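Close look at the chain arrangement
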Amino acid sequence: MHDLVIRGVRLFDGSGAAGNAGDLAVSGGRIAELGDAVAAGRQEIDAEGLALMPGIIDSHTHYDAQATWDPGLTPSPSLGVATVVIGNCGFTIAPCRPADRDLTLRNLTHVEGMAIEVLRQGVAWDFETFPEYLTALERRGAVLNMAAFIGHSSLRTWVMGTAAAERAATGAEVAEMAAIVAEAMRAGAIGFATSTAGQHNGEGGVPMPSRLAEEAELRALVGAMGAAGRGVFMLTKGSGTTVPFLESLAAESGRPVMIAALLHNSTRPEQTFGELAEIGAAQARGHRLYGQVSCCPLTMDFTLHSPYLFEGLPGWKPAMVAEGEALMAVYADPGFRVNVKADLDNPEAVRLFNGEWDKLNLLEAATAKYRDLEHRDLAALAAADGKHPLDWMLDCALAEDLDTVFTAVLLNSDEAAVGRMLRDPHASIALSDAGAHLTFFCDAGFGLYLMGHWSRELGVLPLEEAVWQLTGRPAQIFGIPERGLLRPGYAADLLLFDPATVGRGPKQRVHDLPGGAPRLTTPALGVHGVWVNGVKVVDETGARDDAGRPGQVLREFAAENTG
Ligand SMILES: [Zn+2]
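First things first, this report covers the structure right here in the doc. All values derive from a computational prediction rather than experimental measurement.

**Some remarks on the coordination of the zinc ion**
Put simply, a metal with four donors set out as a tetrahedron has ideal angles of 109.5 degrees, and one with six donors set out as an octahedron has ideal angles of 90 or 180 degrees. Looking at the metal site, the zinc ion is ligated by His-60 (NE2), His-62 (NE2), Cys-89 (SG) and Asp-433 (OD), spaced 2.1 to 2.7 Å from it. Around the zinc ion, the four donor atoms sit at angles spanning 80 to 173°, and that spread fits a shape best called irregular. Read in sequence order, the donor residues coordinating the zinc ion give the pattern H-x1-H-x26-C-x343-D. Within this pair, whereas His-62 is found in the loop between β6 (56–58) and β7 (81–86), its partner Asp-433 is found in the loop between β16 (427–429) and α16 (446–457), the two being separated by 371 residues in sequence. Pair check on accessibility: His-62 and Asp-433 agree, each one buried.

Structure below.
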């Protein structure tokens, strides 16, 4: 007798094949049987009218810190996810020596969108090396399966100390880093992750350490992974890193390269397609390059206390080293404003905010004076007052002690262009950034949004293809064995949903971080159940408190991950 049988359900197996009606049986945490008339189960679910697919594999998350205080990995389970890959962009908390802990957290506050107090209260430092970190995750347990990258910025800090954010590495330092990458691969890292992107800054606007790496350093570290014969090289690419250079790394190491973050920029509409074409040409030459694209419009809520979207602008630097009264003085300074306007007039840089003031709205005013202007865009508000929109925004924020909440649609807002990206054969649909940017946006429900909005509402891709992009394809690219497909013997990671209603609801602000700090979240629509290794962790009402911690730390990856 099986543990569980789900009957009369439409099975989307994760391979891209069309859904077929059938039954699925689970025993001992694994899929036992699939077909027309499987044997009885101790528990039976009649799922007529619903669909069943493998649990979503979210390959771009940042739960590295949160996983140490929240084994529930909120909110990903309730949004259909069964496996998360952490350590993306190289923003990890391991390896880390005790003396570097506070610096590591202070650097993470900008990229994670979490207050330093949250991180200081939250992170449990029961590890120093990367292998110790994996063991600590395993000991604590989690609701979801987790796989971890060894992260470049932590690695550099471990080897170089504070010089990691100041200079290139010496040959000896590169050799030491390469040895640690090789050790991490043996311990069970899913790959090596880095960032060369200009918006990735630590405390005081100092670049994240990985941005100081020369090409030879990247070559050596990706090479160290190649020697181990497995692992994916993941990077968030800045404008100085070219696809041909990344192709040379793939060619030399034999390892796949996952290139983020390919978001569509309406002010430079062909750029992303050019990069996808370069990636496609590299694939045709037999090199495994993938472009990581997002199905969500990149929207950010922010205040001028910590406006992440502007921090990639060179002229914004004085604001990043100031706080309180000093920060307000920077915003009031005419010279600062002139420099920022000049940056925005220069179309060369790859960046989050591109001067589209008509897509930046006043969301929540802090005083009565501005309340009537809520939900209007800055281009219109500034024009009405005869001001430059930057001046209008800063003057408004200064008048409200920087507490005004603005919201901006930054990238990926042109649905015709995004649809074209989602259909690109060299694209991998991911980029939720779950666990990061918590006060700015929440795309942890990207999978439900892909199925509901892009597949059902817009018809951009058939449901079976959306399911494949969320399950079988990432399992294949990352070499995750026995997950991502509905097959006998595979882990019973499952998502039961209603194809007629699946989607994500409107964003909400909640206050459940350590110390009661806020974050954004989105409710799931049409989710009827999520199982991780055969354990039901989510039901119709959301995450179950009694689910325990059935997730596994994944440490074994296939070498032949030919996606
Ligand atoms: Zn990221």
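**Brief notes about the packing of helix α7 (residues 243–253) against helix α8 (residues 271–284)**
The N-to-C vectors of α7 and α8 enclose an angle of 25°; their axes lie 10 Å apart at closest approach. In this view, α7 runs roughly parallel relative to α8, as classed from their interaxial angle. As for how α7 packs across α8, the hand of that crossing is right-handed. Together, Val-243, Pro-244 and Glu-247 of α7 and Glu-275, Glu-278, Ile-279 and Ala-282 of α8 make up the contact between the two elements.

**Remarks on the sheet that holds β16**
Spatially, β6-β7-β8-β9-β10-β11-β12-β16 is the arrangement adopted by the eight strands of the open sheet, whose pairing is parallel. Since the sheet does not close on itself, it has two edges, and those belong to β6 and β16, each with one partner. Sheet twist, expressed as the mean angle between neighbouring strand axes with direction ignored, is 25°. Bridge count between β7 and strand β8 (residues 145–151): four bridges; the pairing is parallel. Along β8, the bridge assignment pairs Val-84 with Met-146. Packing against the sheet, α7 makes contact with β10 (232–236), β11 (257–262) and β12 (289–293), and its axis sits at approximately 130° to β12.

**Concerning helix α17 (residues 463–470)**
Those residues of α17 lying buried are Leu-463, Ala-466, Val-467, Gln-469 and Leu-470. Seen end-on, α17 carries its buried residues on one side only, within an arc spanning 160°.

**Quick look at the packing of aromatic side chains**
Under the definition given, this model contains 14 aromatic pairs. Just above the ring of Trp-158 sits the side chain of Arg-97; from NZ or CZ to the centre is 3.9 Å. Stacked on the ring of Tyr-449, the Lys or Arg Arg-504 has its end atom at 4.4 Å from the ring centre.

**Some remarks on helix α4 (residues 152–160)**
For the α-helix, the turn length of 3.6 residues means that residues three or four positions removed from each other point alike. With respect to burial, α4 is a largely interior element, nine of its nine residues being buried. Along α4, the residues classified as buried are His-152, Ser-153, Ser-154, Leu-155, Arg-156, Thr-157, Trp-158, Val-159 and Met-160. Positive phi appears at Gly-161, one or two residues downstream of α4, with a value of about 65°.

**Here's the deal with unusual backbone geometry**
At the junction of Ala-94 and Pro-95, the peptide bond is cis and its omega measures out at 0° in the coordinates. Within the fold, Pro-95 resides in the loop between β7 and α1 (101–112). The phi dihedral of Asn-412 is positive, around 65°, even though this residue is not glycine. Relative to the assigned elements, Asn-412 resides in the loop between β15 (405–411) and α15 (415–422). For Asn-412, a relative accessible area of 3% gives the class buried.

**Side note on the state of the cysteines**
Within the structure shown, the criterion is met by zero disulfides. Left without a disulfide partner, Cys-442 is nearest to the cysteine sulfur of Cys-296, which lies 9.1 Å away. We classify Cys-442 as buried; its relative accessible area is 13%.

What counts, and where the lines are drawn
- Residues numbered from 1 in each chain as written.
- Predicted model: local features only at pLDDT ≥ 70, side-chain atom pairs only at ≥ 80, totals over all residues.
- Heavy atoms only, no water.
- Donors = N, O, S within 2.8 Å, 3.2 Å for Na, K, Ca; no water.
- Tetrahedral: all angles 85-135°; square planar, octahedral: opposite > 155°, others 65-115°.
- Helix = DSSP H or I, 4+ residues; strand = E, 2+ residues; numbered from the N terminus.
- Buried < 20%, exposed > 50% of the residue type's maximum accessible area, 1.4 Å probe, protein only.
- Axes fitted to C-alpha atoms, helices over the stretch in contact; angles between N-to-C directions.
- Parallel < 35°, antiparallel > 145°, perpendicular 65-115°, else oblique.
- Left-handed = near helix turned anticlockwise from the far one by under 90°.
- Contact = heavy atoms within 4.5 Å.
- Pairing = 2+ DSSP bridges.
- Arc of directions from axis to C-beta.
- Phe/Tyr/Trp six-rings, centres within 6.5 Å; stacked < 30°, edge-to-face > 60°.
- Lys NZ or Arg CZ within 6 Å of the ring centre and 35° of its normal.
- Disulfide = S-S within 2.5 Å.

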